[in-house]
Amino acid sequence: GIAWLMYYEGTRMAHWAERIANRIENGLGPLLLQRAVLTVRAVMLGLVGSALGQAIAMAVGLAIAGVPPLGILTAATFFLSLIPGGPAIIWGGAAAWLYSQNQAGWAIFMLGWGLVVVSSVDNILKPILMSKGSDQSLLLVTLGVFGGALAFGFVGLFLGPIILGVVS
């Protein structure tokens, strides 16, 4: 609901926020609006780029282990990567399927691949991409992502870096 409202009434809400900021200090409104826009773009770049990276890493692991259907599971990984812990559903399910096929070695490989490679892609790539898209440091973006997620849950992945970007 909030995303639809922001999309539908975003321009009006931006002008309203700009007027309020200008009342606090003349000329502050456009600066805050520009920082917010850059930060939102950087967060989206980080989320989508990280999801793509996790999907590619998952595709490589699934191909090595010989888990079908590769395309569907890769696409599912991309979409589930937008949810914290989402790719674990895919690599955990693939490991369970491999184990049920009497391929315990490949099941262990899939668990290790998911825990080490796929999870690391998200933890490394997301903050790097987010900091490249804005003028914030990598440490500040990382703190914003984790602090926002702890404070606000899934929505905090977006709100944390945006709040830090606007107030810093």
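Everything below is about the structure shown above.
All values derive from a computational prediction rather than experimental measurement.

Enquirer: What exactly am I supposed to notice about the overall build of the protein here?
Expert: Helix and strand content of the protein: seven helices and zero strands. For the protein, the sequential pattern of α-helices and β-strands runs α-α-α-α-α-α-α. Since a compact globule built from 168 residues should have a radius of gyration of about 15 Å, the 20 Å found for the protein marks it as more spread out than a globular shape. Seen along its three principal axes, the alpha-carbon backbone of the protein occupies a region of about 70 × 30 × 25 Å. Per-residue burial over the protein gives 35% buried out of 168 residues. Just so you have it, the protein exposes about 9800 Å², and 73% of that area is on carbon and sulfur atoms. For the protein, the distance from the average site of its 7 positive side-chain charges to the average site of its 5 negative ones is 2 Å.

Enquirer: Would you explain the packing of aromatic side chains in this entry?
Expert: Any pair of aromatic rings gets described here by the distance separating the centres and the angle formed by the planes. The full count for this structure, using the stated rule, is three aromatic pairs. Between Phe 109 and Trp 113 the ring centres are 5.6 Å apart and the planes differ by 35°, which places this aromatic pair in the tilted class. Here Phe 109 pairs with Trp 113, and both are found in helix 5 (residues 104–132), just four residues apart, close to one helical turn. Three or more aromatic residues joined by ring pairs make a cluster, and in this case those are Trp 106, Phe 109 and Trp 113.

Enquirer: Please explain the layout of surface pockets as it appears in this structure.
Expert: A probe as big as a water molecule, rolled over the atoms, marks out the empty space that is left. Its volume calculated, the second largest pocket comes out at about 340 Å³. Considering the residues around the second largest pocket, the lining is formed by 19 residues, among which Pro 84, Gly 85, Asp 122, Asn 123 and Lys 126 are closest to the centre. For the lining of the second largest pocket, the secondary structure elements donating two or more residues are helix 2 (28–65), helix 4 (87–100), helix 5 and helix 6 (138–152). At five residues, the largest contribution of residues to the lining of the second largest pocket is made by helix 5.

Enquirer: Is there a simple way to explain helix 4 in this structure?
Expert: The terminal C-alpha atoms of helix 4, which comprises 14 residues, lie 20 Å apart, in line with the 20 Å expected from a rise of 1.5 Å per residue. By the burial criterion, the buried members of helix 4 are Pro 87, Ile 90, Trp 91, Ala 94, Ala 95 and Leu 98. Projected down its long axis, helix 4 shows its buried positions confined to an angular sector of 125°, all on one face. Facing away from the buried side of helix 4 by more than 90 degrees, the exposed set consists of Ile 89 and Tyr 99.

Enquirer: Hey, could you run me through the packing of helix 5 against helix 6 in this one?
Expert: When two helices pack together, their arrangement is given by the angle between the helix axes and by the axis-to-axis distance. The interhelical angle for the contact between helix 5 and helix 6, taken along N-to-C directions, is 120°, at an axis separation of 9 Å. Between helix 5 and helix 6, the interaxial angle falls into the category oblique. In this structure, helix 5 meets helix 6 at a crossing whose hand is right-handed. Every residue of helix 6 that contacts helix 5 at Lys 126, Pro 127, Ile 128, Met 130 and Ser 131 is listed here: Leu 138, Val 141, Thr 142 and Val 145.

Enquirer: When you look at the packing of helix 3 (residues 70–80) against helix 4 in this model, what are you seeing that I'm missing?
Expert: Running from amino to carboxyl end, helix 3 crosses helix 4 at an angle of 145°, the nearest separation of the two axes being 7 Å. From helix 3, Leu 73, Ala 76, Thr 77 and Leu 80 reach across to helix 4, where they touch Pro 87, Ile 89 and Ile 90. Residue composition of the contact of helix 3 with helix 4, by class: six nonpolar, one polar and no charged.

Enquirer: Would you take a moment to explain the nonpolar core for this structure?
Expert: Generally speaking, a soluble globular protein has its nonpolar side chains buried in company with each other. The biggest cluster of nonpolar side chains holds 16 residues, and the ones touching the most others in it are Met 58, Leu 62, Val 67, Leu 98, Met 110 and Val 118. Of all elements in the fold, only helix 2, helix 4 and helix 5 reach the threshold of two or more residues within this core. Counting seven residues, the second-largest nonpolar core is a separate cluster that includes Met 130, Val 145, Leu 157 and Ile 162.

Criteria and cut-off values
Residues numbered from 1 in each chain as written. Predicted model: local features only at pLDDT ≥ 70, side-chain atom pairs only at ≥ 80, totals over all residues. Heavy atoms only, no water. Helix = DSSP H or I, 4+ residues; strand = E, 2+ residues; numbered from the N terminus. Rg over C-alpha atoms; globule rule 2.2 N^0.38 Å. Buried < 20%, exposed > 50% of the residue type's maximum accessible area, 1.4 Å probe, protein only. Areas by Shrake-Rupley, 256 points an atom, 1.4 Å probe, with all protein chains shown as cover. Lys, Arg positive; Asp, Glu negative; His and termini not counted. Charge placed at Lys NZ, Arg CZ, Asp CG, Glu CD. Phe/Tyr/Trp six-rings, centres within 6.5 Å; stacked < 30°, edge-to-face > 60°. 1 Å grid on protein atoms, 1.4 Å probe; cavity = no way out; pocket = protein on both sides within 12 Å on 5 of 7 lines; lining within 4 Å. Points joined across faces, edges and corners; volume = space filled by probe spheres on them. Expected span 1.5 Å × (residues − 1). Arc of directions from axis to C-beta. Axes fitted to C-alpha atoms, helices over the stretch in contact; angles between N-to-C directions. Parallel < 35°, antiparallel > 145°, perpendicular 65-115°, else oblique. Left-handed = near helix turned anticlockwise from the far one by under 90°. Contact = heavy atoms within 4.5 Å. Nonpolar A, V, L, I, M, F, W, Y, C, P; charged D, E, K, R; others polar. Core = buried A, V, L, I, M, F, W, Y, C linked by side-chain atoms within 4.5 Å.

Treat this as a map of the structure, not an account of what it does.
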